[in-house]
Amino acid sequence: LVFTAKLNMNSLQLSLAVLGLVLVLGTYSGAALQCYVCNSDSKYEGDDCNDDTKLEQFLVDCAEYGEKHNQPAYTNATMCRKQEQTVEGDHRIIRSCALDGRNKCIERTGTKAVKVIYCECEGDGCNSASGVVASLFTLSVAALLTKAFH
């Protein structure tokens with residue numbers, strides 16, 4: 001009975017250590033949140049906002065960006081957001097800092113051929129095309145590892 005209790009305690013400690021490691025490796029905690037901020041409309045940053053190889057130029061510190069551009073919601077941002085919208089055939093991507101969110105993607109369809117998909121995620125630079133997928137992957141691995149050790 002004592003051996004079984006020790007084995008269960010070691011298993012619990014191991015699962016907590018693995019979960020902690022996944023969370024540490026899956027998220028980066030710096031001084032402030034950094035997100036990509038751009039708009040693929042030709043009036044703004046254009047096609048570079050839709051090109052993962054050119055996104056680095058749009059990575060900003062949300063708090064600094066909020067102060068500089070008088071956007072208080074950015075100052076206290078806790079997540080990043082990527083929004084894809086199609087309005088009457090005009091498609092654009094808008095990347096930004098977000099004050100809050102759901103850490104998942106949501107699709108909305110409206111009248112006049114309006115379709116919007118927005119994804120919120122946690123972690124620096126997660127609102128790139130690959131970042132949103134990587135963030136969801138990290139959460140899935142953590143959940144699977146936790147379940148495997150229980």
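Notes on the structure follow. Because the structure is a prediction, the values reported are computed rather than measured. (Residues numbered from 1 in each chain as written. Predicted model: local features only at pLDDT ≥ 70, side-chain atom pairs only at ≥ 80, totals over all residues. Heavy atoms only, no water.)

1. Thoughts on the overall build of the chain
Within the chain, the regular secondary structure consists of four helices and seven strands. The proportion of buried residues among the 150 residues of the chain is 31%. For the chain, the proportion of contacts with a sequence separation of at least 24, taken over those separated by at least 6, is 55%. Working note: accessible area of the chain is about 9,700 Å², and carbon and sulfur atoms make up 57% of it. (Helix = DSSP H or I, 4+ residues; strand = E, 2+ residues; numbered from the N terminus. Buried < 20%, exposed > 50% of the residue type's maximum accessible area, 1.4 Å probe, protein only. Contact = heavy atoms within 4.5 Å. Areas by Shrake-Rupley, 256 points an atom, 1.4 Å probe, with all protein chains shown as cover.)

2. Considerations on the pairing of strand S5 (residues 90-98)
Taken together, the two bridges between strand S2 (residues 38-39) and S5 define a ladder with antiparallel strand orientation. Bridge pairing in S5 links cysteine 38 to arginine 95. By the bridge criterion, nine bridges tie strand S4 (residues 79-87) to S5 in an arrangement that is antiparallel. The residue of S5 that forms the bridge with lysine 82 is arginine 95. Linking S4 to S5, which pair antiparallel, is a turn of two residues; within it glutamate 88 sits at a positive phi near 50°. (Pairing = 2+ DSSP bridges.)

3. A closer look at the nonpolar core
Leu33, Cys35, Val37, Val60, Cys62, Tyr74, Ala77, Cys80, Cys97, Cys121 and Cys126 form the largest nonpolar core, which has eleven residues in total. Apart from the residues lying within four places of it in its own chain, the contact partners of valine 60 are Leu33, Gln34, Cys35, Val37 and Tyr65. Core analysis: the next-biggest nonpolar cluster, separate from the first, contains five residues, Tyr36, Cys38, Cys49 and Leu55 among them. (Core = buried A, V, L, I, M, F, W, Y, C linked by side-chain atoms within 4.5 Å.)

4. Here's the deal with the state of the cysteines
With the rule as written, the count across this model stands at five disulfides. Across the disulfide, cysteine 35 is cross-linked to cysteine 80 (sulfur-sulfur distance 1.9 Å). The chirality of the disulfide connecting cysteine 35 with cysteine 80 is left-handed, given an S-S dihedral of about -85°. Taken as a pair, cysteine 35 in strand S1 (residues 34-36) and cysteine 80 in strand S4 lie far apart in primary sequence, 45 residues in all. Residues cysteine 35 and cysteine 80 agree in their burial class; the two are buried. Sulfur-sulfur distance for the disulfide between cysteine 105 and cysteine 119 comes to 2.0 Å. Where cysteine 105 bonds to cysteine 119 through sulfur, the torsion about that S-S bond is close to 110°, and the disulfide is right-handed. Taken together, the positions of cysteine 105 in strand S6 (residues 105-110) and cysteine 119 in strand S7 (residues 114-121) put the pair 14 residues apart, joining distant regions of the chain. (Disulfide = S-S within 2.5 Å.)

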